[in-house]
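# Observations on the three-dimensional arrangement
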Amino acid sequence: MAHRDTAPYASQNHHEVQMLVQSLEAHKGKKSKAGGFSVKKSTFPVAGTNRTVDSWKMNDWDYKKLNLPTYARGLFTYKTLDGKTEIAVRGYDKFFNHGEVRKTEWRNVEKLTRGPYELSVKENGCIIFIAGLDDDTLLVCSKHSTGTRGDVELSHAVAGERWVEKHLATVGKTKADLARKLREMNATLVAELCDDSFEEHVLAYTPEQAGLYVHGLNLNLPEFATYPGHLVDKFADEWGMKKVMYVMEDDIHKVREFLDKVAETGNYNGRDTEGFVIRCQAKETEDAPFVDWFFKYKFEEPYLMYRQWRECTRAIIAGKPPKYKKHSAITKEYLDFARRQFIEQPGLAKQYNLNHGIIKLRDDFLKARGTTGADIIRQEMENGEGDAKDVSRNIVIVPVATIGCGKTTIGLALVKLFGWGHFQNDNVKTKKGRPQVFADTISSLLITNPVVTADRNNHQKRERDQIINDVSRTVPDARFVAMNYVHDRANYDNIRKATRDRVLARGDNHQTIQAGSKGQDEIIEIMEGFMHRFQPVDPQDEHFDLIIDIDPTVESRENLEVVIEQLHNNYPGLFKDQDMPTDADMDAAIDWAMNDYKPDFKIDLSRSGNNRNQPPNQGQSQWPPNGNKKQKQNNQEPFAKKQPKMEYFSVRLNTQRINSILDATFRDQKPEVSRMFRTLQQSRRIQNEFHVTLMHRASAPQNQAYWDKLIHLHDGCMHQTESKGSKSWEPEIGKCHVHLERIVWDDRIMCFVVRLDGSATIHVEAEGGTGTEHIQFETVNPVAHVTVGTANQTIKPKESNDLLQRWLNAGSGPETGIQEVVVKGHVNLEGSCRGVLQRQGY
Ligand code: GTP
Ligand code: MG
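To start, this report covers the structure provided alongside it.

Calculation criteria
Residues numbered from 1 in each chain as written. Chains lettered and ligands numbered in written order. Predicted model: local features only at pLDDT ≥ 70, side-chain atom pairs only at ≥ 80, totals over all residues. Heavy atoms only, no water. Near = heavy atom within 4 Å. Polar contact = N/O pair within 3.5 Å; in protein donor to acceptor, adjacent residues only side chain to side chain. Helix = DSSP H or I, 4+ residues; strand = E, 2+ residues; numbered from the N terminus. Axes fitted to C-alpha atoms, helices over the stretch in contact; angles between N-to-C directions. Parallel < 35°, antiparallel > 145°, perpendicular 65-115°, else oblique. Left-handed = near helix turned anticlockwise from the far one by under 90°. Contact = heavy atoms within 4.5 Å. Nonpolar A, V, L, I, M, F, W, Y, C, P; charged D, E, K, R; others polar. Phe/Tyr/Trp six-rings, centres within 6.5 Å; stacked < 30°, edge-to-face > 60°. Buried < 20%, exposed > 50% of the residue type's maximum accessible area, 1.4 Å probe, protein only. Lys NZ or Arg CZ within 6 Å of the ring centre and 35° of its normal. Core = buried A, V, L, I, M, F, W, Y, C linked by side-chain atoms within 4.5 Å.

Taken together, 14 residues lie near ligand 1, and K407, T408, T409, R506 and S556 sit nearest. In this structure, C405 approaches ligand 1 through a main-chain N or O atom, which is 3.2 Å from an oxygen atom. Between K407 and ligand 1, the recorded distance is 2.6 Å, taken from a side-chain N or O atom to an oxygen atom. Mapped onto the shell around ligand 1, the elements with two or more residues apiece are α12 (407–418) and α15 (492–506).

Glancing now at the packing of helix α13 (residues 434–448) against helix α14 (residues 461–474). Interaxial distance between α13 and α14 falls to 9 Å at its minimum, and their mutual angle equals 50°. Judged by the angle between their axes, α13 and α14 are oblique. The chirality of how α13 crosses α14 is right-handed. Side by side, α13 and α14 meet where P435, Q436, F438, A439, I442, S443 and L446 of the first sit next to Q466, I467, D470, V471 and T474 of the second. Among the residues making up the contact of α13 with α14, the classes are represented as seven nonpolar, four polar and one charged.

This part covers the packing of aromatic side chains. Counted by the stated rule, this structure contains 27 aromatic pairs. Judged by centre distance (5.8 Å) and plane angle (90°), the ring pair of W106 and F295 falls under edge-to-face. With W106 in helix α2 (residues 106–112) and F295 in strand β15 (residues 291–298), the pair connects residues that are 189 residues apart, well separated along the chain. Note on accessibility: W106 and F295 belong to one class, buried. With a centroid separation of 5.7 Å and an interplanar angle of 50°, the aromatic rings of Y306 and W309 are classed as tilted. In this pair, Y306 and W309 both sit in helix α7 (residues 303–317), three residues apart, roughly one turn of the helix. Each member of the pair, Y306 as well as W309, carries the same accessibility label: buried. Through a chain of ring-to-ring contacts, the aromatic side chains of Y303, Y306, W309, Y334, F337 and F365 assemble into a single cluster. Across from the ring centre of W163, 4.0 Å away, lies the NZ or CZ of K166, which sits over that ring.

The next point concerns the environment of I442. As for its position among the elements, I442 is in helix α13. In this structure I442 comes out as buried when scored by relative accessible area, which is 0%. In this structure, the C-alpha to C-alpha distance between I442 and V475, residues 33 residues apart in sequence, is 9.9 Å. Look past the residues within four positions of I442 in its chain and what remains in contact with it is V396, F423, V452, T453, A454, I467 and V471.

In this section: the nonpolar core. Looking at soluble globular proteins, one finds that nonpolar side chains tend to be buried together. Formed by 47 residues in total, the largest nonpolar core has its most connected members in L662, L740, I743, M750, F752 and F777. Setting aside anything within four residues of it in sequence, one finds I743 in contact with L662, T665, F666, M750, C751, F752, Q819, E820, V821 and V823. Grouped together as the second largest cluster of nonpolar side chains are 31 residues, V140, L182, A191 and L219 included.

Here we come to unusual backbone geometry. Across the junction of G115 and P116, the peptide omega takes the value 0°, indicating a cis bond. Within the secondary structure, P116 is located in strand β5 (residues 113–121). The phi dihedral of N458 is positive, around 45°, even though this residue is not glycine. Secondary-structure assignment places N458 in the loop between β18 (451–455) and α14. Although it is not a glycine, R684 adopts a positive phi angle of roughly 50°. For R684, the location among the structural elements is in the loop between α20 (671–682) and β22 (690–696).

A few words now on the packing of helix α8 (residues 328–344) against helix α10 (residues 358–369). Orientation of α8 relative to α10, taken along the N-to-C sense of each, is 110°, at an axis distance of 10 Å. Looking at the two axes, α8 sits roughly perpendicular to α10. Regarding α8 and α10, the two cross each other, and that crossing is right-handed. Of α10, the residues touching α8 (which contributes I330, E333, Y334, F337, A338, Q341 and F342) are L361, R362, D364, F365, A368 and R369. In terms of residue class, the contact of α8 with α10 is built from eight nonpolar, one polar and four charged.

Once that is clear, we can look at the environment of E773. Note that E773 resides in strand β26 (residues 769–776). Classification of E773 by relative accessible area gives partly exposed; the value is 31%.

What follows is the structure in structure tokens.
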């Protein structure tokens, strides 16, 4: 190994690389489990050429296995112009947390490693690799993608390349120069892309701080060899890129002291950090040679709890409600203590905000209580609230999705692979208290299954809160994992396409959504309803232990792997006695879920309910397939859904139009005018859909005649859509113009004041034949309005009425705390009048 002051160099041995590729090729989607590992190969075109590179990826969990041909996380190979197989890009060897594997146990670290130790803050942007091909093409890629194939990592690689260009321009060099230089060094440049305008991470980067932070230069060899930090810095300087901070230590005991000390606060150099990466050299055994080797030191409990205390303390000083999910009993106790201290010692809060006395307040609390942080964590562990990594049961997977995302497919695949529990809301057979029955079934499945998938769309916060609260009541230490099918509104068209295609192809193979025998319009309308009402998960405000983001538009096979990988990373205890699946196992599980599974029974959604069908049990795949659990749904009456009750009538407006009107109205306002709107935006308290309420069922008794007319109109429209071969439960009953006049708000709620103009004709049957009657759409509220948003979830939209009452009586201004602006340009939108039914949930 080269001396640490000089750059390491070794050229590629093409024969050796050829062997490596062959060995990887042989493990593609490999079936055998014993000692085996599976490899995924993806071929990418190289932009601007007619050449390709191959990416080689192993499952995250396979890196702990012995005797792999390489441990590189991020590996690309290609054929040179003279026909040789060459490594194009080589990432770091996969590295582990201290104590995570045998080699990273401290006593082994002390025994088998040598300095100098380079300690750098664990970056939290996204990793970018940069390397040169033999034709001076510069390859810029993320861990497993070159960004040329329209996949998820696309934007990372593309954004990385843009930054490379920017940096090179500052030193007057070209991409070909860099490509040539890197290939000459036989090295891959490794950098972190930190750019909030592109993707936000935990730490904030200002525009001046944004860019590529170079942290490594790896030789393109199967075994790991990397440059020492000072030479990496030098290279970054020469090529106009940013450098990372690191600390040097020679003595491993000092390394540990340093890390333990930073862990006290989790804060280094004024920034919260996730942990450190330690670069050094290690040998496999006492008499083996030293080779480059990394490990990491992640900040864990009790420090994460201390960090939570600090954030909560800051919140209460600022007069905001503290938000916390973990360590709740002790955190509450700590906060009570802190509040008392702030009252008893004036000035303490101010000091705290200036970062003085944070540790003292915490230590005073622990002293007063007579415990240490470690005691608390131990105690929690004994009560089953332990560290996630020791969890081996009581995990509930909560999909957050819309129809056709693939929830059931993944849920079933997990059943097949691990024998876990899975229950579909569509299989709840009672009519009353469905949410409760669903939650109870999940709770009881947790008795015999370490993990259960609560298969329902859970597309609204209300549903998620319900399942979390109801299951927690019977299983207090249950942990909830969101299987989060990300629904960005900007991506709706792609999601629509993916889910509709799947649902229409599924035909009748579903309990309730039977696209085979129902009109497409109806199915699409139901699907749209879910999309429309979808509320993204708010990690701050919802009690998930873990949120796994997946993409509704990609194959379930891909999503399955992300789900397993994240569960494995966060709850290794779940998989202790299990062989991890190979690619072939996962292929087979998805295949089974998609092709062999049939629902146990079906429900007819039509109102008459006279053609419910229950297929005979024959021809069904066994559920669960591994046969170690009883089939629960036998011999029960299918539940027939009755028509849900009408909740309210409203004029629905186009969400995007309203959002852009809001944006335009507040864009150029003074900060004191736009403040409330920004607050609502930032706290994601703007409504997902906008409407003018005509009448809610609660006011029907006072306005019976109008209510009856609206119902009559609704029923008529429903029959009409039915006779056209489709049936909609929330058909349009008419159109209505909505003139947006002004926006009025206080610090609790914001709404538009509007004027309505629209009518419909009702056909009535009277004794002397049929007649028609005109109905003007109007609201029974004193002022017609559209609620924009409320400051928090305890404030209900109907409070707009109170605001507008006060506004009518006292007007706006500093005395009343009410503000208003006029909506410019006579905005008149056409809205769609509909009856909205009580939600039953699928
Ligand atoms: P609902 O229960 O209706 O809300 O849908 P869901 O989210 O449970 O989706 P499901 O798993 O039933 O998937 C919808 C349809 O798409 C089924 O027919 C699946 O077999 C099929 N499907 C699921 N994943 C994939 C995939 O990756 N590729 C393809 N081609 N079809 C898929
Ligand atoms: Mg389903």
